[in-house]
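Below, each chain spelled out in residue letters.
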Amino acid sequence: MKFFVDTANVEAIKKAMELGMCDGVTTNPSLIAKEGKDHEQVIKEIAAVIGDRPLSVEGMGDTAAEMVKDAEKFAKWAPKNVVIKVPMTKEGIKAVRILKGKGIKTNVTLVFSASQALIAAKAGATYVSPFVGRLDDIGQSGIQLIKDIMEIYKAYDHKGETQVIVASVRSPEHVIDSAKVGADVATIPFAVMEKMWVHQLTDKGIELFKIDYAKSQQNK
Ligand code: G3P
């Protein structure tokens, strides 16, 4: 499973890079707004620290033409990295087809059903981003959507043409349950990544080993 970092915070991305936990980055207008900096500046700062890893950048165009215009602008900001995020709408899917023809990678976001994911894959999206946390928020099962999507993609010999990025991840359990069904990527907030490392018994075990090691040193 690839781990993308779901943030526009460069310091968090640097930490994830140091830990080998950054196979890519996803941003969106809300994550950009949190940084309080110019969109282009943030994207270029992130691109400078992630090598040639994929970096999803989202515009706000309503029509396919507006989305394509945004995409051509964003792609110039970080040609090695930029993946264009478009919403799961008819205009977004039209934009996917146009951008595919231009060799620009796409990430169809705000996906909440298997039928939407199927349409995105049929259009040739590079990535599709089903939002598990927001489905959970309304009492539906986000992980069930991931299972449904992976079942469909595998039924058609999941050639990896369209990769599934599990998004709106709120807990390590979201990551684990998605990995169990073979989701290609999880895009994970750094705070959730931190939780993935920790277990109370690991900490307790280290503490006890240190105590016993100290005892063994006294016996020399
Ligand atoms: O990648 C999408 C993600 O940033 C949305 O997360 O928690 O706002 O649903 P959330």
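Check the entry above for the structure.
Presented here is an overview of the structure given in this document. (Residues numbered from 1 in each chain as written. Predicted model: local features only at pLDDT ≥ 70, side-chain atom pairs only at ≥ 80, totals over all residues. Heavy atoms only, no water.)

Bringing the pairing of strand E3 (residues 55-58) into the picture now. Looking down a regular strand, the side chains alternate between one sheet face and the other. Neither face of E3 is open: one carries Leu55 and Val57, the other Ser56 and Glu58, and all of them are buried. Sheet topology places strand E2 (residues 24-26) next to E3; two bridges connect them, and they run parallel. By the bridge assignment for E3, Thr26 is matched with Ser56. Of the strand pairs in this sheet, E3 and strand E4 (residues 82-87) are connected by four bridges, and their pairing is parallel. (Buried < 20%, exposed > 50% of the residue type's maximum accessible area, 1.4 Å probe, protein only. Helix = DSSP H or I, 4+ residues; strand = E, 2+ residues; numbered from the N terminus. Pairing = 2+ DSSP bridges.)

In the vicinity of the ligand, the contacting residues are Asp6, Asn28, Leu31, Lys85, Phe131, Arg134, Ala167, Ser168 and Arg170. A distance of 2.6 Å separates an oxygen atom of the ligand from a polar atom in the side chain of Asp6. Relative to its unbound accessible area of 310 Å², the ligand is 80% covered by the protein chains. Each residue belonging to the shell around the ligand can be placed in one class, and the counts come to three nonpolar, two polar and four charged. (Near = heavy atom within 4 Å. Polar contact = N/O pair within 3.5 Å; in protein donor to acceptor, adjacent residues only side chain to side chain. Areas by Shrake-Rupley, 256 points an atom, 1.4 Å probe, with all protein chains shown as cover. Nonpolar A, V, L, I, M, F, W, Y, C, P; charged D, E, K, R; others polar.)

Before going further, it helps to examine helix H9 (residues 172-180). When H9 is considered as a whole, its buried residues turn out to be Pro172, His174, Val175 and Ser178. The arc that holds every buried residue of H9, seen down its axis, measures 160°, which confines them to one face. Lining the buried residues of H9 we find strand E1 (2-6), helix H7 (132-137), helix H8 (142-155), strand E7 (163-166), strand E8 (185-188) and helix H10 (190-197). Positive phi shows up at Gly182, right after H9, with a value of about 80°. (Arc of directions from axis to C-beta. Contact = heavy atoms within 4.5 Å.)

Once that is clear, we can look at the sheet that holds strand E6 (residues 127-130). Within a sheet, neighbouring strands are paired by backbone hydrogen bonds and run either parallel or antiparallel to one another. Reading around the circumference, E1-E2-E3-E4-E5-E6-E7-E8 is the order of the eight strands in this closed barrel, with parallel pairing throughout. For this sheet, the mean angle separating the axes of adjacent strands, direction not counted, is 30°. Where E1 meets E2, three bridges bridge the pair, whose relative direction is parallel. When the bridges of E2 are listed, Phe4 appears paired with Gly24. In this fold helix H4 (residues 64-77) packs onto E3 and E4, with an angle of close to 160° to the strand it touches most, E4. (Axes fitted to C-alpha atoms, helices over the stretch in contact; angles between N-to-C directions.)

Below, the discussion takes up the nonpolar core. Judged by nonpolar contacts, the single largest core of 62 residues is most densely connected at Ile46, Leu55, Ile84, Val108, Ile146, Ile188 and Met193. Ile146 has contacts with Pro130, Val132, Val166, Ser178, Val181 and Ala183, leaving out every residue within four places of it along the chain. Residues Phe4, Tyr127, Ile165 and Val185 belong to the second largest nonpolar core, which totals five residues. (Core = buried A, V, L, I, M, F, W, Y, C linked by side-chain atoms within 4.5 Å.)

This brings us to the environment of Gly59. The residue Gly59 is located in the loop between E3 and H4 in this model. Distance in space between the C-alpha atoms of Gly59 and Leu99 is 14 Å, their sequence separation being 40 residues. Not counting chain neighbours up to four residues away, the residues in contact with Gly59 comprise Asp70, Phe74 and Lys85.

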